[in-house]
Amino acid sequence: MTPSTVPADAAGPGGSTTPEECTIVSAPPMAFGMGNPTADCIADSAGGLTFDLDAPGLSEACATWSAALVLRRRGGDESGEVRLPLTANGEGRVRAVLPSTVALPEGRWDVHAACGEDAPRRLVPGLADLRSLVDRRPGPSTSPLAVRIPYATKHGNLSLRSWLRSPHAEAGDLLLDPSGLTGHGTLYRVGDPEAWLKDAVVEARLRRDSDVMSTAPVTADGPDFTFTLPFAGLCEEWRGGLDVWDLWLRPAEGAPARIARILDDVADKKQIFTYPPQDVDASYAPARVSPYYTADNDLSVRIDERPPTAR
């Protein structure tokens, strides 16, 4: 059977919405102290972000008070906070810059504005210019790859999803049929990608028991790699219910890299990039297998029971 090509940007039915959807909505500006200020975001290709706040009253306060944009890592302690100075940027507007060189550990960061002794206020997302993130191709470097994508939370607040990875295996096109998954990707943040990929394998790890693994060989062309992962090997371990296999790119020597898709402007791909499940005749029972992106935009494969066919 000829594999069906499923575009990596295929959307779910009706353009699915998730609690942490990255869609940025606009809101009217409010005076600081009267409500949550609005922030526009501009991303650059290096991983930096510029925040422009519509906050009448706050720009004047910047001259006499210590005003800052405050990033707080969700679920973190006091060390999970980054403060960026806010400076006046025209009438009723202030600006803060998050350079790509400022370390921002992986996770979700809630964005606040603080002024003087007032309690920090969450920001409302305004306009977002994320064009530089689309089809981003980082330059040669061995430093950790910094990715920050702003998004609107389900409560209408502004947050950031941050990744910091070295090396990084970026997932590309995925082809699938009932026999298996063929994936394409690109390796970043290693000194010699060709040497790193020599004798590398894709390693599928069973999430409920990480000691159980299945591997597939990798073919490489410079930093680009291709693999075909048969579903039969994964289904041999399946005994009903839901099983999840996480996909890693493992070199012959050294630490592996989690296969993920983060080099674009979509903060949460789990319900946005979907793939049709494939019917597989597993030894235990009829199964359905499909790749998917996790809440962290990592690539995994799930196996579940095939629904009974109506007579």
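Residues numbered from 1 in each chain as written. Predicted model: local features only at pLDDT ≥ 70, side-chain atom pairs only at ≥ 80, totals over all residues. Heavy atoms only, no water.

> Which parts of the structure should I look at to understand the overall build of the protein chain?
Regarding its fold elements, the protein chain presents three helices and 22 strands. Within the protein chain, the proportion of its 311 residues that are buried is 49%. Here the protein chain has roughly 14,700 Å² of accessible surface; of this, 51% comes from carbon and sulfur atoms. (Helix = DSSP H or I, 4+ residues; strand = E, 2+ residues; numbered from the N terminus. Buried < 20%, exposed > 50% of the residue type's maximum accessible area, 1.4 Å probe, protein only. Areas by Shrake-Rupley, 256 points an atom, 1.4 Å probe, with all protein chains shown as cover.)

> Sorry, what's going on with the nonpolar core here?
Counting 40 residues, the largest nonpolar core has F227, L247, L249 and I259 as the members making the most contacts within it. With four residues, the single largest contributor to this core is strand β13 (residues 168–177). Ignoring anything within four residues of it in the chain, the contact list for L247 reads L181, E203, A204, F227, L229, R258, I259, L299, S300 and V301. Core analysis: the next-biggest nonpolar cluster, separate from the first, contains 34 residues, L123, L130, L160 and W163 among them. (Core = buried A, V, L, I, M, F, W, Y, C linked by side-chain atoms within 4.5 Å. Contact = heavy atoms within 4.5 Å.)

> I would appreciate a short explanation of the confidence of the model for the protein chain in the present structure.
Where the model shows low pLDDT, its predicted coordinates should not be examined in detail. In the predicted model, the protein chain carries a mean pLDDT of 86, and 84% of its residues have values of at least 70. Across residues 1–34 the pLDDT falls below 50, and counting only partners more than four positions away or on other chains, this stretch makes 83 contacts in the model. (pLDDT = per-residue confidence, 0-100.)

> What should I look at first to understand the pattern of salt bridges in this one?
Think of it this way: side chains of opposite charge can pair up when their charged atoms draw near. Evaluated as defined, the whole model comprises 22 salt bridges. Between R93 and D54 there is a salt bridge, and its shortest N-O distance comes to 2.4 Å. Here R93, found in strand β7 (residues 93–98), pairs with D54, found in strand β3 (residues 49–54); they are 39 residues apart in sequence, far enough to count as distant. According to the relative accessible area criterion, D54 is buried, its value standing at 18%. Close ionic contact of R261 with D264 constitutes a salt bridge, the shortest N to O distance being 3.5 Å. (Salt bridge = Lys/Arg side-chain N within 4 Å of Asp/Glu carboxyl O.)

> I would appreciate a short explanation of the sheet that holds β3 in the present structure.
Through backbone hydrogen bonds, the strands of a sheet pair up, either in parallel or in antiparallel fashion. With mixed pairing, the five strands of this open sheet are ordered in space as β6-β7-β3-β2-β10. In this open sheet, the two edge strands, each paired with only one partner strand, are β6 (87–88) and β10 (124–129). Where β6 lies against β7, two bridges are found, and the strand directions are antiparallel. Note that in β7 the partner of T87 across the bridge is R95. (Pairing = 2+ DSSP bridges.)

> It is not clear to me how the environment of L160 should be interpreted in this structure. Could you clarify?
Looking at the secondary structure, you find L160 in strand β12 (residues 158–165). You can call L160 buried: its relative accessible area is 0%. Once the C-alpha coordinates of L160 and G107 are considered, the two residues, 53 residues apart in sequence, prove to be 8.2 Å apart. Excluding residues that lie within four positions of it along the chain, L160 makes contacts with L49, F51, L71, L98, L104, G107, R108, W109, V111, I149, P150 and Y151.

> Mind showing me how you'd approach the packing of aromatic side chains here?
When we look at a pair of aromatic rings, we describe it by the centre distance and by the angle of the planes. According to the stated counting rule, one finds three aromatic pairs in the structure shown. Ring centres 6.3 Å apart and planes at 75° place the aromatic pair F273 and Y293 in the edge-to-face group. Placement of F273 in the loop between β19 (257–260) and β20 (278–281) and of Y293 in strand β21 (residues 286–293) is noted, with a sequence separation of 20 residues between them. For the residue pair F273 and Y293, the accessibility class agrees, reading buried in each case. Aromatic pair Y275 and Y293: ring centres 6.4 Å apart, planes at 55°, arrangement tilted. (Phe/Tyr/Trp six-rings, centres within 6.5 Å; stacked < 30°, edge-to-face > 60°.)

> Whenever I open this one, the pairing of strand β2 (residues 38–43) confuses me. Can you help?
The side chains of a regular strand alternate, residue by residue, between the two faces of the sheet. With respect to burial, β2 is a largely interior element, five of its six residues being buried. Sheet analysis places β2 next to β3, joined by six bridges and oriented antiparallel. In the strand pairing of β3, T38 is matched with D54. Note: β2 against β10, four bridges, orientation parallel. From the neighbouring strand, A39 faces β10, where its bridge partner is P125.

> Is there a simple way to think about a negative patch on the surface in this case?
Among the surface-exposed residues, D192, E194, D221 and D224 lie close enough to one another that they form a single negatively charged patch. Note that D224 resides in strand β17 (residues 224–230). Owing to a relative accessible area of 33%, D224 belongs among the partly exposed residues under this scheme. (Patch = residues over 30% accessible without salt bridge, like charges linked within 9 Å, V, L, I, M, F, W, Y side chains within 5 Å. Lys, Arg positive; Asp, Glu negative; His and termini not counted. Charge placed at Lys NZ, Arg CZ, Asp CG, Glu CD.)

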